[in-house]
Amino acid sequence: MRIGICYNLKTDFDHVTASLPDDRFEELDDIGTVEDIERVLRAEGYETVRLGFGVPAVAKLQKEPVDLVFNISEGINGRAREAQMPAIFDMLGIPYVGSDSLTIALALDKAWTKKIVTQAGFATPAFYTVDNSIQLERMMENRELRYPLFVKLSCEGSSMSIDDRSKVRNAHELAQRVQYLMATYPGETVLVEEFMPGREFTVGIVGNREPEVVAVMEVVPSDKTKDMANFVYGLDEKRNCDVRIIYRLPADLDDSTDRAIRSLAVGVYKELRCRDMARVDIRLDENGVPHFIELNTLPGLNKRHSDLPILARLAGMSYETLITRVLGHALERIQQTPQGVAVITEDQQAAV
Ligand SMILES: Nc1ncnc2c1ncn2[C@@H]1O[C@H](COP(=O)(O)OP(=O)(O)OP(=O)(O)O)[C@@H](O)[C@H]1O
Ligand SMILES: [Mg+2]
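Residues numbered from 1 in each chain as written. Chains lettered and ligands numbered in written order. Predicted model: local features only at pLDDT ≥ 70, side-chain atom pairs only at ≥ 80, totals over all residues. Heavy atoms only, no water.

## Some points on the overall build of the protein chain
For the protein chain, the count of helices and strands is 13 helices and 13 strands. Reported as C-alpha extents along the three principal axes, the dimensions of the protein chain are approximately 65 × 45 × 40 Å. By the burial criterion, 53% of the 352 residues in the protein chain qualify as buried. Partitioning the intrachain contacts of the protein chain with sequence separation of at least 6 by distance along the chain shows that 69% fall at a separation of at least 24. Only carbon and sulfur atoms are counted for the fraction: they give 50% of the accessible area of the protein chain, which is about 16200 Å². (Helix = DSSP H or I, 4+ residues; strand = E, 2+ residues; numbered from the N terminus. Buried < 20%, exposed > 50% of the residue type's maximum accessible area, 1.4 Å probe, protein only. Contact = heavy atoms within 4.5 Å. Areas by Shrake-Rupley, 256 points an atom, 1.4 Å probe, with all protein chains shown as cover.)

## Side note on the domain arrangement of the protein chain
We note that the domain assignment places domain 1 (2-97), domain 2 (126-194) and domain 3 (200-317) within the protein chain. Just the C-alpha atoms count here: the centres of domain 1 and domain 2 sit 31 Å apart. The interface is formed by seven residues belonging to domain 1 together with nine residues belonging to domain 2. For the pair domain 1 and domain 2, the summed buried area comes to about 710 Å², and 49% of that belongs to carbon and sulfur atoms. Here E156 and R81 are joined by a salt bridge, their closest N and O atoms 2.9 Å apart. Taken together, the links from domain 1 to domain 2 amount to two residue pairs in polar contact (both at pLDDT 80 or more). (Domains from an automatic or database assignment. Buried area = accessible area lost by both parts, 1.4 Å probe. Salt bridge = Lys/Arg side-chain N within 4 Å of Asp/Glu carboxyl O. Polar contact = N/O pair within 3.5 Å; in protein donor to acceptor, adjacent residues only side chain to side chain.)

## Concerning the packing of aromatic side chains
One pass over the full model with this rule turns up four aromatic pairs. Taking 6.0 Å as the distance between ring centres and 35° as the angle between the ring planes, the aromatic pair formed by F150 and F195 counts as tilted. On the criterion of sequence distance, the pair formed by F150 in strand β6 (residues 149-153) and F195 in the loop between β8 (190-194) and β9 (200-207) is long-range, its members being 45 residues apart. For F150, a relative accessible area of 10% gives the class buried. A centroid spacing of 6.5 Å and a plane angle of 25° characterise the contact between F231 and Y233, whose relative ring orientation is stacked. Residue class for F231 comes out buried when judged on its relative accessible area of 2%. On the basis of relative accessibility, which here comes to 8%, the residue Y233 falls in the buried class. An aromatic cluster is present here, built from F231, Y233 and Y247 joined pairwise through their rings. (Phe/Tyr/Trp six-rings, centres within 6.5 Å; stacked < 30°, edge-to-face > 60°.)

## Observations concerning the sheet that holds strand β1 (residues 2-6)
In spatial order, the strands read β2-β1-β3-β4; together these four strands make up an open sheet with parallel pairing. The outermost strands of the open sheet, each flanked by one partner alone, are β2 (47-52) and β4 (96-97). With four bridges joining them, β1 and strand β3 (residues 68-71) adopt parallel strand pairing. Within β3, the residue paired with G4 across the bridge is V69. (Pairing = 2+ DSSP bridges.)

## A word on the side chain of D307
Position of D307 relative to the elements: it lies in helix α11 (residues 307-314). Within the local environment of D307, its side chain forms a polar contact with the side chain of Y233, the two groups lying 2.8 Å apart. Not counting the four nearest positions on each side in its chain, D307 is found in contact with T202, M217, Y233, Y247 and R279.

## Structural notes on helix α12 (residues 319-336)
Over its 18 residues, α12 runs 26 Å from end to end, which matches the ideal 26 Å to within 8%, given 1.5 Å per residue. Looking only at α12, the buried set comprises Y319, L322, I323, V326, L327, H329, A330, R333 and I334. Looking straight down α12, one finds that the buried residues subtend no more than 155° of arc, so they occupy a single side. (Expected span 1.5 Å × (residues − 1). Arc of directions from axis to C-beta.)

## Remarks on the coordination of the magnesium ion (ligand 2)
Distances from the magnesium ion (ligand 2) to its protein donors, D281 (OD) and E294 (OE), fall at 1.9 to 2.0 Å. In this pair, D281 sits in strand β12 (residues 276-284) while E294 sits in strand β13 (residues 290-296), placing the two residues 13 residues apart along the sequence. (Donors = N, O, S within 2.8 Å, 3.2 Å for Na, K, Ca; no water.)

## A look at the nonpolar core
Core analysis: the biggest nonpolar cluster contains 38 residues, and I37, L41, F70, Y247, L301, L322 and I323 have the highest contact counts within it. For this core, the secondary-structure elements that each account for two or more residues are β1, α1 (31-43), β3, β10 (212-221), β11 (245-248), α11 and α12. At seven residues, the largest contribution of residues to this core is made by α12. In this structure, I205, A251, A265 and F292 belong to the second largest nonpolar core, which totals 24 residues. (Core = buried A, V, L, I, M, F, W, Y, C linked by side-chain atoms within 4.5 Å.)

## Points about the pattern of salt bridges
Per the stated rule, a full pass over the model turns up 27 salt bridges. A salt bridge links D258 to R262; the nearest nitrogen and oxygen atoms lie 3.2 Å apart. With a gap of four residues between them, D258 and R262 both fall in helix α10 (residues 255-271), about one helical turn apart. Taking the relative accessible area as the measure of exposure, R262 reaches 33% and is therefore partly exposed. The residue D276 makes a salt bridge to R333 at a minimum N-O spacing of 2.6 Å. Placement of D276 in strand β12 and of R333 in helix α12 is noted, with a sequence separation of 57 residues between them. Taken individually, D276 and R333 each receive the classification buried, so the pair is uniform in this respect. Three or more residues joined by partner-sharing salt bridges are found here, namely R2, E47 and E64.

Here it is as C-alpha cells:
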C-alpha cells in the first residue's frame, strides 16, 4: 500500500516571514515531523510518497497515485485553509487520515465551534466576536461578559498571539488588546471570552464509532509561584515547554471531575463528527466545572513538542504506536464506509 504524506513546512514561507509577526506560521511543521511519520509508516511496511501541499501535491498525485493520504497539512490563506487538501482528496476520491473537510474547517473557527458545542449542551465560556472597530464599540457597551476576559484570534492555533496580556481585567485593557490584534493580524476575527481561572487539561482521542481517550493530561506552569488564575499556556510557554511547563499525567483528579472531562471531550469529538484523532482543550471554571476551550482536528504530531505525542508517551504509548493506531482507525473506517468515486482515471494519468 502506498501512503502519501501531505504537509506544509515553516521553511516554505521563509521568503515572506520578515514582514510578518514572528508567530504568523507557528502552526506549520518542521521537516522532522514528516520524517518521523514517514519512518513509522515505512517500518510498518508501507511505501510512502512525500506529497507536500497544493498544486504540486495534486500533480504528484496524478503521476504517482496513492491508496491513502496521511494528511497533516495546515493549508494557507483564510479560515478554511486546513480543509483545502481534504476537500481535494474528497473531490479526487482519495481516502485520507483524519477528519473530513467540513469538520476540519469548522473546528479551526473557535467561535463557530463554540456555537455548535453550546447548542449541543456542553459548557464553554461565554463569548463575543469582533471583526471591526464598530463591533468593538458595541461589545464595550455590552455588559453580559464578566471580567476577567480572554482575547485571542478565533481561527488560529499553536497559541499564536497568546501571552499573559491576552487576559484582560477591565474595559481599557480589553480595547487595547483587541485593537492590537486587529492591527497585527489584519482580517482575523477576534474572539473575546470569559477567562477560566481553573486547572487546564488537554485530552487526546483516537477512533471513530467508539472514540477512545488516549489520556487526560494536565498542563501546569513549572513556575511554582504562578497560580492557575494567572497561567496562560501561551506562545512562549509552548516554544519553551521543556522548561516552562510540567505535563502531569495521570492528572490528580477526583473521579467525578475525571469523568466530566472525558465525557465533555468525547462528546465534542462525536458532536463534531471527528475522525481518527483529535485533541480537546479544557479548563475548569472557578467552581471546578470543566469548560470546552477548543478542538484540534489536526493536532500537532511533532514527536517531542506536540501535546498529543507527549500525552501518549506519558500514558505509556510510544510515538510509533500512536501513529499506527491513528492509521489503523483510518483504515478500519475506510473499509466500513462507502467511498467516493475516484476521478483520476488512467487516461488522466497518461495525459500528465
Ligand atoms: N477562555 C479561556 N480561559 C482561560 N484560559 C484560556 C482561555 N482560552 C484560552 N486560554 C489559554 O490560552 C491557551 C491557548 O488557547 P487555545 O487553546 O484556544 O489556542 P490555540 O492556539 O488554538 O492552542 P493549540 O496550540 O492547542 O492549537 C490555552 O491553552 C489556555 O491556557
Ligand atoms: Mg489549544
